[in-house]
Amino acid sequence: MLNTVLPSHIRILGWTYVGLEFDARFQVLFRSYRYFFPLCNMDLEVMRGACQRFLGTHNYRGFCKADRTQQDPNYTRTISYMTVDLVTENTKNPQLCVDTTA
């Protein structure tokens, strides 16, 4: 039912009940991200190698917007999984898919 009111590029795949005190932004154990983009003559093996450089714990301050309201911002994140795969479901427009768990 929710998917019928969402834009076509956003989909709800699952859900569960949680207590009222749960904060989805600050109390999650991990987040998974999936990005799709056109193939555009990119070297899949080089991109897979680049994914390995993101694994581990790093400071991502250089990628964040400055927020002067936070007293002690934490820009450190741990990426435990990242890969790039070719998606050929639509053979007219093959895409690369980046899967990440942080």
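If you're wondering where the values come from, they're calculated on a predicted model, not measured in any experiment.

The rules behind the values
- Residues numbered from 1 in each chain as written.
- Predicted model: local features only at pLDDT ≥ 70, side-chain atom pairs only at ≥ 80, totals over all residues.
- Heavy atoms only, no water.
- Helix = DSSP H or I, 4+ residues; strand = E, 2+ residues; numbered from the N terminus.
- Pairing = 2+ DSSP bridges.
- Axes fitted to C-alpha atoms, helices over the stretch in contact; angles between N-to-C directions.
- Contact = heavy atoms within 4.5 Å.
- Salt bridge = Lys/Arg side-chain N within 4 Å of Asp/Glu carboxyl O.
- Buried < 20%, exposed > 50% of the residue type's maximum accessible area, 1.4 Å probe, protein only.
- Core = buried A, V, L, I, M, F, W, Y, C linked by side-chain atoms within 4.5 Å.
- pLDDT = per-residue confidence, 0-100.
- Polar contact = N/O pair within 3.5 Å; in protein donor to acceptor, adjacent residues only side chain to side chain.

**What to know about unusual backbone geometry**
Consideration 1: With a phi close to 55 degrees, N41 is a non-glycine residue in the positive phi region.
Consideration 2: Here N41 shows up in the loop between β1 (32–38) and α1 (44–54).

**Observations concerning the sheet that holds strand β4 (residues 81–87)**
Consideration 1: Pairing in this open sheet of three strands is antiparallel, and the strands run β1-β5-β4 from one edge to the other. Each having just a single partner strand, β1 and β4 make up the two edges of the open sheet. Strand after strand, the sheet turns through a mean of 15 degrees between neighbouring axes, direction not considered.
Consideration 2: Note: β4 against strand β5 (residues 95–101), seven bridges, orientation antiparallel. Looking at the pairing, V84 lines up with V98 of β5.
Consideration 3: Sitting on the sheet, α1 is in contact with β1, β4 and β5, with an inclination near 165 degrees to β4.

**A short note on the pattern of salt bridges**
Should the charged atoms of two oppositely charged side chains come close, the side chains can pair.
Consideration 1: Applying the stated criterion across every chain yields a total of two salt bridges.
Consideration 2: Here R48 and E45 are joined by a salt bridge, their closest N and O atoms 2.8 Å apart. Note that R48 and E45 are positioned in helix α1 at a spacing of three residues, about one turn of the helix.
Consideration 3: Given the relative accessible area of 28%, R48 is considered partly exposed.
Consideration 4: In this structure, D85 and R48 form a salt bridge, with 3.2 Å as the shortest nitrogen-oxygen distance. Of this pair, D85 sits in strand β4 while R48 sits in helix α1, and the two are 37 residues apart along the sequence.
Consideration 5: Within the structure, one salt-bridge network assembled from shared partners comprises E45, R48 and D85.

**Considerations on the nonpolar core**
Consideration 1: In terms of nonpolar packing, the biggest core is built from seven residues, these being C51, Y60, I79, M82, V84, L96 and V98.
Consideration 2: For this core, the secondary structure elements donating two or more residues are β4 and β5.
Consideration 3: In contact with L96, other than residues within four places in its own chain, are Y35, F36, F37, L39, M42, L44, M47, V84, D85 and L86.

**Examining the confidence of the model for the protein chain**
Consideration 1: Predicted confidence across the protein chain gives a mean pLDDT of 82, with 90% of residues reaching 70 or more.
Consideration 2: Across the protein chain, the element-wise mean pLDDT spans from 72 in β5 up to 91 in strand β2 (residues 56–59).

**Quick notes on the environment of F63**
Consideration 1: Tracing the chain through its elements places F63 in the loop between β2 and β3 (76–79).
Consideration 2: By relative accessible area, F63 is classed as exposed at 68%.
Consideration 3: Separated by twelve residues in sequence, F63 and Y75 place their C-alpha atoms 9.0 Å apart.

**Some remarks on α1**
Consideration 1: Between the side-chain oxygen at the start of α1 and the backbone nitrogen of E45 there is a gap of 3.0 Å, and the oxygen is on D43.
Consideration 2: At the exit of α1 stands G56, carrying a positive phi of roughly 105 degrees.

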